[in-house]
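Coordinate inspection notes
The chain contents come next:
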Amino acid sequence: MKKLPIGIQSFKSIREENYYYVDKTPFVKELTESGKYYFLSRPRRFGKSLFLDTLKEAFLGNKELFKGLYLYDTWDWDKKYPVIHISFGSGVVDSKDKLIKIVQSFINKSAFEEDIKLTEEVISLRFKELIEKLSKKYHEKVVVLVDEYDKPILDRIEEPEIARENREVLKDFYSVLKDADPYLKLIFLTGVSRFSKVSIFSGLNQLNDITLDRKFATICGYTQTDLETVFEDRI
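Quick look at the structure, then. Keep in mind that what you see is a predicted model, and the values were worked out from it rather than measured. (Residues numbered from 1 in each chain as written. Predicted model: local features only at pLDDT ≥ 70, side-chain atom pairs only at ≥ 80, totals over all residues. Heavy atoms only, no water.)

**Quick word on helix H4 (residues 96-113)**
- Helix length check: H4 (18 residues) gives 26 Å between terminal C-alpha atoms against 26 Å at 1.5 Å per residue, within 8%.
- The set of residues buried in H4 consists of Leu99, Val103, Ile107, Ser110 and Ala111. Taken around the axis of H4, the buried residues stretch over an arc of 110°, which confines them to a single face. With respect to the buried face of H4, the exposed residues turned more than 90 degrees away are Asp97, Lys101, Lys109, Phe112 and Glu113.
- On the buried face of H4, the contacting elements are strand S2 (83-87), helix H5 (123-138), helix H6 (151-154) and helix H7 (160-179).
- Once H4 ends, the next one or two residues include Asp115, with phi positive near 55°. (Helix = DSSP H or I, 4+ residues; strand = E, 2+ residues; numbered from the N terminus. Expected span 1.5 Å × (residues − 1). Buried < 20%, exposed > 50% of the residue type's maximum accessible area, 1.4 Å probe, protein only. Arc of directions from axis to C-beta. Contact = heavy atoms within 4.5 Å.)

**A look at unusual backbone geometry**
- Positive phi values are uncommon outside glycine, yet Arg45 reaches one of about 60°.
- On the basis of relative accessibility, which here comes to 65%, the residue Arg45 falls in the exposed class.

**Comments concerning the side chain of Thr54**
- Within the secondary structure, Thr54 is located in helix H3 (residues 48-59).
- Accessibility expressed as a relative area gives 1% for Thr54, which makes it buried.
- In this structure the side chain of Thr54 is engaged in a polar contact, spanning 2.8 Å, whose partner is the backbone oxygen of Leu50.
- For Thr54, the contacting residues outside a window of four places in its chain are Phe11, Tyr21, Thr25, Val28 and Phe66. (Polar contact = N/O pair within 3.5 Å; in protein donor to acceptor, adjacent residues only side chain to side chain.)

**Looking at the nonpolar core**
- Counting residues in hydrophobic clusters, the biggest one holds 34 residues, and the most contacted among them are Ile84, Phe127, Ile131, Val144 and Leu184.
- When residues of this core are traced back to their parent elements, those giving at least two are strand S1 (37-41), S2, H4, H5, strand S3 (142-147), H7 and strand S4 (184-191).
- The element that contributes the greatest number of residues to this core is H7, accounting for seven residues.
- Residues within four places of Val144 in sequence aside, it is in contact with Ile84, Phe127, Ile131, Leu177, Leu184, Leu186, Ile187 and Phe188.
- Residues Phe27, Leu55, Leu69 and Leu145 belong to the second largest nonpolar core, which totals 32 residues. (Core = buried A, V, L, I, M, F, W, Y, C linked by side-chain atoms within 4.5 Å.)

**Quick notes on the side chain of Arg126**
- Note that Arg126 resides in helix H5.
- Buried and unpaired, Arg126 has Glu121 as its nearest opposite-charge partner, separated by 4.9 Å. (Lys, Arg positive; Asp, Glu negative; His and termini not counted. Salt bridge = Lys/Arg side-chain N within 4 Å of Asp/Glu carboxyl O.)

**Notes on the layout of surface pockets**
- Computed from the structure, the largest pocket encloses a volume of approximately 680 Å³.
- Lining the largest pocket are 30 residues; nearest its centre among them are Ile8, Phe46, Gly47, Lys48 and Leu50.
- Looking at the lining of the largest pocket, the elements with two or more residues in it are H3 and S2.
- Among the elements that line the lining of the largest pocket, the one with the most residues is H3, at six residues.
- Tallied by class, residues from the lining of the largest pocket come to 13 nonpolar, nine polar and eight charged.
- Taken as a whole, the second largest pocket spans an internal volume of roughly 320 Å³. (1 Å grid on protein atoms, 1.4 Å probe; cavity = no way out; pocket = protein on both sides within 12 Å on 5 of 7 lines; lining within 4 Å. Points joined across faces, edges and corners; volume = space filled by probe spheres on them. Nonpolar A, V, L, I, M, F, W, Y, C, P; charged D, E, K, R; others polar.)

Below is the structure:
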C-alpha cells in the first residue's frame, strides 16, 4: 500500500518514495499549448506548491519522474528550459527591507547555481538581467514560477502601511515580466488571494487568471473519481 502524500510538496519525492499521486500532468501540456502567463488562486494546503514543482520538473526535462503518467508520452523531452522557482511560503515578511532581502536572495541564489554574474543593483533590473542571461546561456526561453505571491502582503494585512510597502516592492518586481517577454516561455503565479491587476500586476495585462476557469477546475485537489480509483485500496 502506498503512503498518503500529506504535506508533500516535492513531485520528485512523491514519485520516488511510493506516495499516491493523482495525475495532474495533462494540465502541464494544456497550459503550455494554450497560453503563457497564468495566475491561480486556491486555499492553502490545496496542492498549489506541488503543481508548481511538477511544472518545474517537466520543463527541466526530468522524464523518468513522469513514467506511467500522461506527460511521459506526450511531452518533448529533448527540450529543456531554465527555470526560476520562487516561493514566499516560508517565514513571515514583517517589513519592506526584509522583503527586499528575500527577493535579492532568491535572485542571487539562482544566479550562483547557474554560474551567472549579475551587475544590476536594483532588484527589478537584477531579476530582468537574470532572465535574459539564463535565456542566452541555454538558448531557450525561461520559465518563471512564483508560489504564494501574495504572502508578503497578507503577512501584514492588519498593518496597512507595511502591507502597502510590501505591495509596492512586489509590484515593481513583477513588472519586469512584461519587458522580459521575449525571453519567457511560461509564467505561473499562485496565491491565496486575488489582488487586482491594477494593484500589483500593473503592466502585466496579459496575465490569465484561471482560478474559476472550468478547464482547470481540477488542477488541484481530488475529485470523487480520484478517490474511488487512485485511493481504491484505502477505501
